[in-house]
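Here are the chains, one letter per residue:
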Amino acid sequence: MALRFVAQIAFLFFLTVALSGIGAVVQVNFFSGIFSGLNNVKEIVFSLVFTLLLYVNFRYCFPDQVAELRGRNVRSCRYPVWVKQYILFNCALFVEEVFYYIIKDLVSLPEIVYRSLGGVVFFSVYAYMMSGEDFRVKW
């Protein structure tokens, strides 16, 4: 039992680091497509975004996942609002980037059309996720 738990924690650790790296690459790729000046400092921005994602993942998400592995109560409700919004932003951005590359491979259109469609998908997914119970104003 203990060896299996240690293996699960190690796998979860490497998965968290890998997902932080993928999230940072997606964010930097998205913003470098919008801001042309970002190409010069791409590595610096990548390292800052990667560090922020590592902080969010290891400070908030990782302990809940370990608690779930141990069969304990998961306290996801303790996340600050900015963390929830940042996680939702990353999820919506990932969906947008996947949509962008699928459409780019299937249809030949100008780049501005791809980015516009991607923006519509991003805002739609982000607005849908923000309409959840955690983000409603409670009276």
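The preceding data block contains the structure.
Since the structure is predicted, the reported quantities are computational estimates derived from the model, not experimental observations. (Residues numbered from 1 in each chain as written. Predicted model: local features only at pLDDT ≥ 70, side-chain atom pairs only at ≥ 80, totals over all residues. Heavy atoms only, no water.)

### Examining the pattern of salt bridges
Going through the model one piece at a time under the given rule, you end up with one salt bridge. The partner of Glu97 in a salt bridge is Arg115, and the shortest N-O contact between them spans 3.5 Å. With Glu97 in helix 3 (residues 81–106) and Arg115 in helix 4 (residues 111–130), this residue pair connects regions lying 18 residues apart in the sequence. (Salt bridge = Lys/Arg side-chain N within 4 Å of Asp/Glu carboxyl O. Helix = DSSP H or I, 4+ residues; strand = E, 2+ residues; numbered from the N terminus.)

### Digging into the side chain of Glu97
Residue classification places Glu97 among the buried residues on the basis of a relative accessible area of 4%. Contact partners of Glu97, with chain neighbours within four places excluded, come to Val26, Asn29, Phe30 and Arg115. (Buried < 20%, exposed > 50% of the residue type's maximum accessible area, 1.4 Å probe, protein only. Contact = heavy atoms within 4.5 Å.)

### Observations regarding the environment of Glu97
Spatially, the C-alpha atoms of Glu97 and Phe30 are 7.4 Å apart, while their sequence positions differ by 67 residues. Within the structure, Glu97 has its side chain in polar contact with the side chain of Arg115 (distance 3.5 Å). (Polar contact = N/O pair within 3.5 Å; in protein donor to acceptor, adjacent residues only side chain to side chain.)

### Regarding a nonpolar patch on the surface
On the surface, a cluster of nonpolar side chains totalling about 990 Å² of accessible area is made up of Phe11, Leu15, Leu19, Ile22, Phe94, Val98, Ile102, Leu106, Val107, Leu109 and Leu117. With respect to the helices and strands, Leu15 occurs in helix 1 (residues 2–34). Leu15 sits in the partly exposed class, given a relative accessible area of 35%. (Patch = residues over 30% accessible without salt bridge, like charges linked within 9 Å, V, L, I, M, F, W, Y side chains within 5 Å. Areas by Shrake-Rupley, 256 points an atom, 1.4 Å probe, with all protein chains shown as cover.)

### Thoughts on the environment of Asn57
As for its position among the elements, Asn57 is in helix 2 (residues 42–70). As a C-alpha pair, Asn57 and Leu19 span 38 residues in sequence and 9.1 Å in three-dimensional space. Those residues in contact with Asn57, other than ones at most four positions away along the chain, are Thr16, Ser20, Phe62 and Pro63. Within the structure, Asn57 has its side chain in polar contact with the side chain of Ser20 (distance 2.7 Å).

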